[in-house]
Structure formats: structure tokens, C-alpha cells
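One-letter residues, chain by chain:
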Amino acid sequence: MRPDARAWFADRTTTATSLDRIDVAALLHAKHRGGHRISVVLPARNEEATVGRLVADLRAHWMRRTPLVDELVVVDSDSTDATAAVARAAGASVVATTDVLPAHGTRRGKGEALWKSLAATTGDLVVFLDADLLGDVAHYVPGLLGPLLTDPQVDYVKGCYTRPLQVGDVVLPAGGGRVTELTARPLLNALWPELAGVVQPLGGEYAGRRTALEQVPFVASYGVEVGLLVDLLRLGGLASLAQVDLGERRHTSQGVEALGEMAGQVVATVLARAASAPDASGLLTRFRHDGAGFVPRTSSVAVDERPPMGTVPEYRARLAG
Ligand SMILES: O=c1ccn([C@@H]2O[C@H](COP(=O)(O)OP(=O)(O)O)[C@@H](O)[C@H]2O)c(=O)[nH]1
Ligand SMILES: O=C(O)[C@@H](COP(=O)(O)O)O[C@H]1O[C@H](CO)[C@@H](O)[C@H](O)[C@H]1O
């Protein structure tokens, strides 16, 4: 690792692997002393199997027992299952991406749900968690908030964790984060070596200051994490970033075929951010074998992004109001 990445990794990595490793009382005090309002956002597309327990746990811990979180919003991202009803029944506020900033239309993708979440929440600190997380992850919330509540220089905090991989009924102790290991990490190391210390650049659990998040574009697809990381590096420098070891992360994993398109979206975003990038086609061709021969399938992975929320008139009017 380059000296700047190594120094960042040493200075900006903290540990919050369980609740007994976190001084929640101190965080509550810092929240009140700083006059902070905290939003938790769960982008969810067809997560009826996991979103209810997750919402119930997070509300019990951080809204009922300990008033750390002020609002918990599930962003329903064109779900075709009962995600919205299950989340609402568990106590979450639920907004459909189509209902937020309707004049701007709705694009497909996780990043779109996250971009719209800024217009559907009010916290000056925003925590993002995937809605397909498994196991006890309540500590993720105070863990991610810690650096934001205690260090005014930090604008964005990434969770990091070991990533078991579930294959059928077997859970392998490692192997998760396939797009990270095979695509994002090599590209980030090559193009932004100062980010080499980021353990989970694509991890879906992170938190940020609204004042920073509203100044950067949100890639509508799965390119959103890598796009935010590069854009927030450019906005505030390495010193404005931090990461927290949250222990282990398990989630409902997609197959390699779906991850192929995700990887394409990550690569397209990296190419769009790397000024020296050739004029990327925005297309990805993959192949299946139909028994007789290889059948190509081309899909668009072109970067489709939303502008910084701070430039959207309706958002600015809401802030002014
Ligand atoms: O168009 C989308 C795709 C995904 N997601 C959500 O984003 C999170 C991460 O997506 P996914 O689990 O598909 O990615 P993985 O974790 O498998 O890489 C999950 O809560 C999804 O429900 C979303 O809100 N809209
Ligand atoms: O890190 C990764 O390689 C991918 C896939 O993880 P798995 O191989 O399914 O554990 O998962 C992440 O990437 C997505 C794109 O940035 C994020 O949106 C997901 O939240 C995150 O789980």
C-alpha cells in the first residue's frame, strides 16, 4: 500500500464488532451536544423475507430502548413482493421511489433508491443499510455513527467486515464480496491507490453527513457505492473518510450471473470517473451455453446518474421552507 493509504488505514480504521465494544452513552451525548438528527435508510427491492426482522430490531434498539435514531425509512425500490407492507408492519416509514421527486421520474437501481432517500429523510447524519442483512446487525448503526459523531473532520464512514458466502445450504467462512475482490478492488488500487486501505469499498453499510452527500451525484445502479467513494474522496480528501470494523456481514447473496451485470455497472462507473478512461461503450456482453452453443446477451451498464441533491430545486425549496 502507498504510504498515504497505509497511514489512512492505520489512523481511520476503528472497531465496533459488537455492542459491548461501543460506548453508546457517549454517542448519545455527542448526538445531543451536536444537535444532530439521525436517519437510517434501507433501500429494498423484493426483501420481504428479511426487511421486517431488520426493521423491528433496529427500531427496538435505536428508537425505543435508546433514542439514537430519529427516523427509519425503507425505500421501496419497485418491489413486486410484500416488502412495503412487511416493512410498514414492522414500524418503518416506507416511501416508494416513484413517489419521491416524481417530477424527476424514476430510474431503475439501488443508487436511485439511495438518491431519492435524501429527499425523503431529514437527518443531518444518514446511515445506509442493505435490507437483506442476516443475523444480529444492530451494532452496525452506532458503529457507523461513531466517527461522524466524534470527529467533525469525517464526512463518510464505510463499514468493513468479513464476508461469509452462502452457497446453497452451505455457508463458507469467506468468499463473499465477489465483485469487490474480482473487480472493484483491483480497479480502485490501480486508479486511486490512496483508497487501497478501504477494506470493503462496495459494502452496502455506510453513513455520511448530509452536507457532503447532497454535493455528489448518485449513480442510479449498483455503481453507486464505488461512485460515492471516489466522489467523496475528491470532495473532502482521504481525511474526510473513515471505516469501522463491524465484525461479520451475511446477506442473501445473488448468483454470479446477476453479479456479472453488477460488475459491469461498477466498471462503467469507474471508467466514467477515471478521466483517462476510453469512451466506454456502456454495454456488457455475457454468454450462456444453450446446449448447442454460446448465446451472447448484451445489456446496458452505462452510467446513469442523478445530480447532487443539493442542486435540485424542490430539495432546496424544502430546505428553505
Ligand atoms: O434496484 C435495486 C437493487 C437493490 N436494491 C437493494 O439494495 C440492497 C443491495 O442489493 P443486493 O442485495 O441486490 O446486492 P448484493 O448485496 O447482493 O450485492 C438490497 O437491500 C436491495 O434490496 C434496491 O433497493 N434497488
Ligand atoms: O461487495 C460485493 O462484491 C457485492 C456482492 O457481494 P457477494 O459476493 O454477494 O457477497 O456486494 C456489494 O456490492 C454492491 C455494489 O456496490 C452493493 O450495492 C451491495 O450493497 C454490496 O453487498
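Cut-offs and rules
Residues numbered from 1 in each chain as written. Chains lettered and ligands numbered in written order. Predicted model: local features only at pLDDT ≥ 70, side-chain atom pairs only at ≥ 80, totals over all residues. Heavy atoms only, no water. Axes fitted to C-alpha atoms, helices over the stretch in contact; angles between N-to-C directions. Helix = DSSP H or I, 4+ residues; strand = E, 2+ residues; numbered from the N terminus. Parallel < 35°, antiparallel > 145°, perpendicular 65-115°, else oblique. Left-handed = near helix turned anticlockwise from the far one by under 90°. Contact = heavy atoms within 4.5 Å. Nonpolar A, V, L, I, M, F, W, Y, C, P; charged D, E, K, R; others polar. UniProt positions renumbered as here; feature names shortened; annotations may be inferred. Buried < 20%, exposed > 50% of the residue type's maximum accessible area, 1.4 Å probe, protein only. Pairing = 2+ DSSP bridges. Near = heavy atom within 4 Å. Polar contact = N/O pair within 3.5 Å; in protein donor to acceptor, adjacent residues only side chain to side chain. Areas by Shrake-Rupley, 256 points an atom, 1.4 Å probe, with all protein chains shown as cover.

What follows concerns the packing of helix 7 (residues 178-191) against helix 10 (residues 256-273). At a minimum axis separation of 9 Å, helix 7 and helix 10 run at an interaxial angle of 15°. Taken as axis vectors, helix 7 and helix 10 run roughly parallel relative to one another. Once helix 7 is placed against helix 10, the crossing between them reads as right-handed. Of helix 10, the residues touching helix 7 (which contributes Arg178, Val179, Thr183, Ala184, Leu187 and Leu191) are Val256, Leu259, Met262, Ala263, Val266, Val267 and Val270. Taken together, the residues of the contact of helix 7 with helix 10 break down into 11 nonpolar, 1 polar and 1 charged.

In the UniProt entry, the feature "domain: Glycosyltransferase 2-like" (unreviewed entry) is given for residues 39-146. Secondary structure within residues 39-146 divides into 37% helix and 20% strand; the distance between the first and last C-alpha atoms comes to 14 Å.

With that settled, the discussion passes to helix 6 (residues 140-150). One turn of an α-helix holds 3.6 residues; hence residues three or four places apart share an orientation. Helix 6 sits mainly inside the fold: 10 of its 11 residues count as buried. Of the positions making up helix 6, those classed as buried are Tyr140, Val141, Pro142, Gly143, Leu144, Leu145, Gly146, Pro147, Leu148 and Leu149.

What follows covers the pairing of strand 5 (residues 125-128). The two faces of strand 5 match: Leu125 and Val127 on one face and Val126 and Phe128 on the other face are all buried. Note that strand 2 (residues 38-44) and strand 5 share 4 bridges and pair parallel. Bridge assignment links Val41 to a residue of strand 5, and that residue is Phe128. Across 4 bridges, strand 5 lies against strand 10 (residues 206-209) in antiparallel orientation.

The next thing to look at is the site of ligand 2. Taken together, 17 residues are adjacent to ligand 2, and Asp130, Arg163, Arg178, Val179 and Thr180 come closest. One of the side-chain nitrogen or oxygen atoms of Thr180 is found 2.7 Å away from an oxygen atom of ligand 2. In the complex, the protein chains occlude 98% of the 500 Å² of accessible area that ligand 2 would expose alone. Only helix 7 and helix 10 provide two or more residues apiece to the shell around ligand 2. Per element, the largest residue contribution to the shell around ligand 2 is 3 residues, and it comes from helix 7. Partitioned by chemical class, the residues of the shell around ligand 2 number 5 nonpolar, 6 polar and 6 charged.

The strand order across the open sheet built from 8 strands is 1-12-7-10-5-2-3-4, with neighbouring strands paired in mixed fashion. Single-partner strands in this sheet number two, and they are strand 1 (13-15) and strand 4 (93-96). Strand after strand, the sheet turns through a mean of 25° between neighbouring axes, direction not considered. Here strand 7 (residues 156-162) runs beside strand 10; their pairing, made up of 3 bridges, is antiparallel.

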